[in-house]
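# A look at the structure
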Amino acid sequence: MPIKVNGSPVPLPSDPRVSLLDLLREQLHLPGTKKGCNQGACGACTVLVDGERIVSCLALAVQYDGREVVTVEGLVENGVLHPLQGAFVEHDGFQCGYCTPGQICSAIGMATEIGRGVPSHVTVDLSTDVITLDRDELRERMSGNLCRCGAHNGIVDAILEVYAEAAE
Ligand code: FES
Ligand code: FES
């Protein structure tokens, strides 16, 4: 079975050493997903696989046979930005923009994790199914996505606007 990328089936690479990141960027010409460290430390290459966030630089493309991959390009529907993309623009959640696609995909995956009641290192009540996305939770859960420009305050505001309107 092929991998599906942004809704379209694509063939697996013939070389099993090709990372998912390189498949996206070099073979499918989807440059939205960025290569930062290429070793799992910066989060710039984050994409969604079956709705879960992963760092695509550490993933071999052949492992994702039959899976559904969504990149930042796939978040736009009929020319309309995903609400989180709009919120990043609204809150100046970027400067150079290099980390932004990874931040956005990661935040979407994070929201799904919170919705499933998955606790983080800073969750106080581990027995609850309802986790409030406050600033501490958000910072902890997004700590794998670095921003060298220091746009973190705008990033936090954008994510809170979309996923935690009631948070402080
Ligand atoms: Fe994948 Fe940095 S490029 S985590
Ligand atoms: Fe430049 Fe985040 S906006 S690295």
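The structure displayed is predicted, hence computed values, not measured ones. Throughout, a residue's number is its position along its own chain's written sequence, starting from 1. All chains are assigned letters beginning at A, and all ligands numbers beginning at 1, according to the order in which they are written. Thresholds applied to this predicted model are a pLDDT of at least 70 for local features of residues and 80 or more for the giving and counting of side-chain atom pairs; totals over whole chains, interfaces and linings are not thresholded and use all residues. Side-chain figures throughout are based on the complete set of non-hydrogen atoms in the structure, without hydrogens or water.

Attention shifts here to the environment of Val-72. In this fold, Val-72 is placed in the loop between strand 5 (68–70) and helix 2 (83–90). Partly exposed residues are those whose accessible area sits between 20% and 50% of the maximum for their type, while under 20% is buried and over 50% is exposed, using a 1.4 Å probe and protein chains only. Taking the relative accessible area as the measure of exposure, Val-72 reaches 13% and is therefore buried. We call two residues in contact whenever any of their non-hydrogen atoms come within 4.5 Å of each other. Those residues in contact with Val-72 that lie beyond four places of it in its chain are Gly-32, Gln-85, Pro-101 and Cys-105. What counts as a helix is a DSSP run of H or I of at least four residues, what counts as a strand is a run of E of at least two, and both are numbered from the N terminus.

Here we come to the pattern of salt bridges. We define a salt bridge as a side-chain nitrogen of Lys or Arg found within 4 Å of a carboxyl oxygen belonging to Asp or Glu. Using the criterion set out here, one finds 6 salt bridges in the structure. Arg-53 is the salt-bridge partner of Glu-113, the closest N and O atoms lying 2.9 Å from each other. With Glu-113 in helix 3 (residues 100–115) and Arg-53 in strand 4 (residues 52–55), this pair connects stretches of sequence that are 60 residues apart. Glu-113 sits in the buried class, given a relative accessible area of 19%. With a shortest N-O distance of 2.7 Å, Arg-141 and Glu-137 are connected by a salt bridge.

Along the chain, Gln-103 turns up in helix 3. A residue is classified by how much of its surface remains accessible, and Gln-103, at 1% relative accessible area, is buried. If we skip the residues at most four places from it in the chain, Gln-103 touches Phe-88, Met-142, Asn-145, Leu-146, Cys-147 and Ile-155.

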